[in-house]
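The lines below spell out each chain.
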Amino acid sequence: MKRSELITVFQRMASEIAEKDFSHVSEESVIADLGIDSLGMLELVGSMERELKIQIPDEQLVGIQSVRQLLDLVEKRTTQTT
Amino acid sequence: MSSDQFREKLNKQFRIFFDKAEQERRWNPYRDVPWDKINPETPEYVAVCAETFLGVESFLPDYISKGLAVLRNSSSAQRSFSANWGYEELKHSIALMEYLTRSGKRSDEQMHDYQQALMKQSWTRPFDTARQMTIYGSFQEMATFVIYLRHEALAKKHGDEALAAVYRFNARDEIAHAHFYEDVVKVYLEIDRPGTLVDIAHVAKNFQMPGVNIVPDYDQRIVLMREEGNMDRDIFLQKVYFPVLKYLGVTRQELVQVAIDARAARKATQTGANAAE
């Protein structure tokens with residue numbers, strides 16, 4: 001999956017969870033600044049895992065601050081899966 | 001599982017918990033802390049942290065009365081646990097207060113004024129059912145355990161063996177409490193897994209530590225404590241949230257499903273309401 005597609009998935013999932021428009025969100029955005037707290041982020045990650053049929057180990061979710069870091073992680077897992 | 005089986009399981013858990021507490025965990029804050037090993041040079045910010053913990057522990061009357069209000073009709077094991085919990089938590093505030101006054105960091109008068117200021121506020125119970133409060137206890141006691149351990153390390157760094165011992169004794173109680181709560185949540189999961197998962201998701205989403213909004217200057221205190229070994233979101237996930245879920249045998253994916261279902265239900269309700277208008 002292309003990086004641009006991944007950010008689209010992120011924007012869609014984040015919008016569903018937070019019930020806000022996240023179409024403006026870029027990779028530079030800090031997740032907490034979007035109003036998504038740590039547990040919201042877990043929900044977001046879980047939704048992306050389901051959508052993309054991947055699984056990210058819990059310990060790898062610690063330290064994720066930015067959208068870029070999260071997408072790096074997701075991209076790595078999708079590459080490993082395909 | 002019948003209600004008799006529920007009560008029986010919880011009684012068994014409480015017997016194990018209480019027996020272990022009597023055998024291995026009883027301590028006396030006046031006698032068992034090495035008070036002669038207070039380091040008079042321990043910096044003020046360390047004392048502020050201890051004072052903040054004391055502030056949070058000082059709302060014990062609220063925790064007991066408001067907690068018991070939802071637990072008293074649930075089971076005798078939970079009532080007994082609450083009584084014992086109150087006794088053990090009381091020692092935490094006694095030990096912290098002893099430290100602050102014996103070290104000379106605070107006078108008796110300052111402690112009196114602090115207590116007076118604290119008691120102008122009261123703690124509001126964050127959840128309304130025995131099950132939700134038990135889940136809350138699992139996260140909150142585990143978080144407190146982790147914070148106390150970090151402050152034990154901080155006290156040791158400053159060569160204050162007395163304060164380190166206070167935190168160590170407190171932490172040992174907190175982890176025992178956390179495990180009891182977790183064991184009870186496991187029983188709740190056996191009885192009603194879907195309902196308990198909904199409650200876990202709800203409590204996790206709305207979780208906050210008990211001192212928020214009731215300890216004077218809490219925000220400034222927390223900034224200081226965070227710099228000096230308190231909880232940030234990563235530590236919370238790593239040391240509290242994931243370990244508790246793992247012990248309960250609950251996966252993140254299950255909680256995501258609960259969240260998705262809740263959103264769908266909310267949307268359906270909203271659509272229905274809009275259609276009715």
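Residues numbered from 1 in each chain as written. Chains lettered and ligands numbered in written order. Predicted model: local features only at pLDDT ≥ 70, side-chain atom pairs only at ≥ 80, totals over all residues. Heavy atoms only, no water.

All names here are of chain B. Each pocket or cavity is described by its volume, and for the largest pocket that value is around 1,000 Å³. The element best represented in the lining of the largest pocket is helix H6 (residues 130-157), accounting for eight residues. Class assignment of the residues belonging to the lining of the largest pocket gives a composition of 25 nonpolar, 10 polar and 10 charged. What the second largest pocket holds in volume is close to 390 Å³. (1 Å grid on protein atoms, 1.4 Å probe; cavity = no way out; pocket = protein on both sides within 12 Å on 5 of 7 lines; lining within 4 Å. Points joined across faces, edges and corners; volume = space filled by probe spheres on them. Helix = DSSP H or I, 4+ residues; strand = E, 2+ residues; numbered from the N terminus. Nonpolar A, V, L, I, M, F, W, Y, C, P; charged D, E, K, R; others polar.)

On to empty space enclosed by the protein. All names here are of chain B. For the coordinates displayed, the defined rule picks out one cavity of 30 Å³ or more. The volume enclosed by the largest cavity comes to roughly 40 Å³. Lining the largest cavity, in full, are Leu71, Gln78, Phe81, Ser82, Thr134, Phe180, Tyr181 and Val184. Residue classes in the lining of the largest cavity are distributed as five nonpolar, three polar and no charged.

Glancing now at the packing of helix H3 (residues 60-71) of chain B against helix H4 (residues 76-102) of chain B. Helix-helix packing is described using two parameters, namely the angle between the two axes and the distance between the axes. Residues and elements named next belong to chain B. Between H3 and H4, the shortest axis-to-axis distance is 10 Å and the interhelical angle comes to 175°. As summarised for this structure, H3 and H4 are arranged roughly antiparallel, according to the angle between their axes. Along its contact with H3, which presents Leu60, Tyr63, Ile64, Leu68 and Leu71, the element H4 presents Gln78, Arg79, Ser82, Trp85, Gly86, Glu89 and Leu90. Taken together, the residues of the contact of H3 with H4 sort by class into seven nonpolar, three polar and two charged. (Axes fitted to C-alpha atoms, helices over the stretch in contact; angles between N-to-C directions. Parallel < 35°, antiparallel > 145°, perpendicular 65-115°, else oblique. Contact = heavy atoms within 4.5 Å.)

Residues and elements named next belong to chain B. One pass over the full model with this rule turns up 21 aromatic pairs over all chains. Taken together, a centroid distance of 5.7 Å and an interplanar angle of 50° make the contact between Phe127 and Tyr136 tilted. Look at Phe139 and Phe207: their rings are 6.3 Å apart centre to centre, the planes differ by 70°, and that puts the pair in the edge-to-face class. Residue Phe139 is located in helix H6, and its partner Phe207 is located in the loop between helix H8 (193-205) and helix H9 (218-227); the two are separated by 68 residues in the primary sequence. Here Phe139 falls in the buried class, since its relative accessible area comes to 1%. In textbook terms, an aromatic cluster arises when at least three aromatic residues are bridged by ring pairs, as seen for Phe127, Tyr136, Phe139, Phe207, Phe236, Tyr241 and Phe242. Sitting over the ring of Tyr247, Lys186 keeps its end group 4.1 Å from the ring centre. (Phe/Tyr/Trp six-rings, centres within 6.5 Å; stacked < 30°, edge-to-face > 60°. Buried < 20%, exposed > 50% of the residue type's maximum accessible area, 1.4 Å probe, protein only. Lys NZ or Arg CZ within 6 Å of the ring centre and 35° of its normal.)

Before going further, it helps to examine the interface of chain B and chain A. Taken together, the contact pairs 16 residues of chain B with 24 residues of chain A. Approximately 1,900 Å² of surface area, both sides summed, lies buried where chain B meets chain A, with 51% of it carried by carbon and sulfur atoms. The three residues of chain B that bury the most area against chain A are Arg233(B), Arg252(B) and Arg263(B), which together make up 37% of that side's buried surface. Inspection of the chain B/chain A interface yields four salt bridges. Here Arg252(B) ties to Glu49(A) by a salt bridge, and the two come within 3.0 Å at their closest N and O atoms. (Buried area = accessible area lost by both parts, 1.4 Å probe. Salt bridge = Lys/Arg side-chain N within 4 Å of Asp/Glu carboxyl O.)

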